[in-house]
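# Results of the structural survey
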Amino acid sequence: MASLGINIDHIATLRQARRTVEPDPVQYALLAELGGADGITAHLREDRRHIQDRDIELLRATLRSRLNLEMAATEEMVSIALRVMPDMVTLVPEQRQEVTTEGGLDVLANLEALRRDVDRLQEGGVPVSLFVDAELPQLEASRRCGARWVELHTGCYAAARGPRQVRELARLSSGCRIAAALGLRVNAGHGLTYRNVEPVAGLPHMEELNIGHTVIARSVAVGLTQAVRELKALIQNPRSDPLFG
Ligand code: PXP
């Protein structure tokens, strides 16, 4: 059964809109844990547009579940990760102009540089996951990099409709099988919602889904603890074929 990582960046985005102290993503992370979150994901971006360094440090000190630090593969971020010691680092591509992460890492094109960062992190005791598209060359390159995990990019699946969505789901499914055959453990995320999460939760070898926007959006109506509880129920007991249901 897949577990649930809650991405709390959007709480920090609201706080930074006024550059004040509320809402505090650290407090809301604890509410997400109360709702059943198995982990908390926070993306410390180079421009600090939402999560701040202090958030990461307080999350590390207060979480009872796991801390997944999402970050770009830069010298500054690697140093922060080795100091804070999250339970996992997920390396993502980062561009300043983007609204959110726009695609998977090109591991193949950046193999040597990524391998150095993966080695430093993992030798320092932090397991590394690479955020990649579900494609054979990227998965093979992830393995060659030495990463222990991959997070499959579900954005194309989430954006697709009808038969195209079925094809994207099949692509994710074969990505899971390939990753597992290569000895990689598998997470997934990006764009997942209450409506589209179940087929992904039911994929073979799927260990954790990282979900942010939809659950923070729903929390405005029902509170974060309840919103997480509802999402977790879908993930724990996914219907087998809800796409055309
Ligand atoms: N996984 C990764 C690597 C991401 O960059 C994001 C967005 O920050 C997520 C998961 C969560 O995406 P969403 O907010 O669309 O659920």
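Residues numbered from 1 in each chain as written. Predicted model: local features only at pLDDT ≥ 70, side-chain atom pairs only at ≥ 80, totals over all residues. Heavy atoms only, no water.

As a further point, take the overall build of the chain. For the chain, the helix and strand inventory stands at eleven helices and eight strands. Taking 245 residues into account, the globule formula puts the C-alpha radius of gyration at 18 Å, and the chain, at 17 Å, falls close to it. Counting over 245 residues, the chain shows a buried share of 53%. Carbon and sulfur atoms make up 51% of the accessible area of the chain, which totals about 11,100 Å². Taken as two groups, the 29 positive and 32 negative side-chain charges of the chain have centres that lie 3 Å from each other. (Helix = DSSP H or I, 4+ residues; strand = E, 2+ residues; numbered from the N terminus. Rg over C-alpha atoms; globule rule 2.2 N^0.38 Å. Buried < 20%, exposed > 50% of the residue type's maximum accessible area, 1.4 Å probe, protein only. Areas by Shrake-Rupley, 256 points an atom, 1.4 Å probe, with all protein chains shown as cover. Lys, Arg positive; Asp, Glu negative; His and termini not counted. Charge placed at Lys NZ, Arg CZ, Asp CG, Glu CD.)

Strand order in this closed barrel of eight strands is β1-β2-β3-β4-β5-β6-β7-β8, and the pairing throughout is parallel. Strand-to-strand, the axes of this sheet are offset by a mean angle of 25 degrees, without reference to chain direction. Contacting β5 (128-132) and β6 (149-153), helix α6 (residues 136-145) runs over the sheet at an angle of about 160 degrees to β5. (Pairing = 2+ DSSP bridges. Axes fitted to C-alpha atoms, helices over the stretch in contact; angles between N-to-C directions. Contact = heavy atoms within 4.5 Å.)

Along strand β2 (residues 39-43), five of the five residues are buried, which leaves the element largely enclosed by surrounding structure. Judged from the three bridges that link them, strand β1 (residues 3-7) and β2 form a sheet pairing that is parallel. Looking at β2, one finds that Gly5 is bridged to Gly39. Bridge count for β2 against strand β3 (residues 66-71) is five bridges, and the pairing is parallel. Within the sheet, the bridge partner assigned to Ile40 lies in β3 and is Leu67. Taking the sense of rotation as the criterion, the β-α-β connection linking β2, helix α3 (residues 53-62) and β3 turns out right-handed. (Right-handed = clockwise from strand over helix to strand, strands pointing away.)

Turning our eyes to something else, we now look at the packing of α3 against helix α4 (residues 75-84). Two measures define how a pair of helices packs: the angle their axes make with one another and the distance between the axes. Running from N to C, α3 and α4 point in directions that differ by 25 degrees, and their axes come no closer than 11 Å. On the basis of the axis angle, α3 is roughly parallel to α4. Handedness of the crossing formed by α3 with α4: right-handed. Residue-level contacts link Asp53, Ile56, Glu57 and Arg60 of α3 to Ile80, Arg83 and Val84 of α4. For the contact of α3 with α4, a count of residues per class yields three nonpolar, no polar and four charged. (Parallel < 35°, antiparallel > 145°, perpendicular 65-115°, else oblique. Left-handed = near helix turned anticlockwise from the far one by under 90°. Nonpolar A, V, L, I, M, F, W, Y, C, P; charged D, E, K, R; others polar.)

This next bit is on the UniProt feature "site: Transition state stabilizer" (unreviewed entry) in the chain. Under the feature "site: Transition state stabilizer" (unreviewed entry), the UniProt entry names Glu151. Relative to the helices and strands, Glu151 resides in strand β6. Taking the relative accessible area as the measure of exposure, Glu151 reaches 6% and is therefore buried. (UniProt positions renumbered as here; feature names shortened; annotations may be inferred.)

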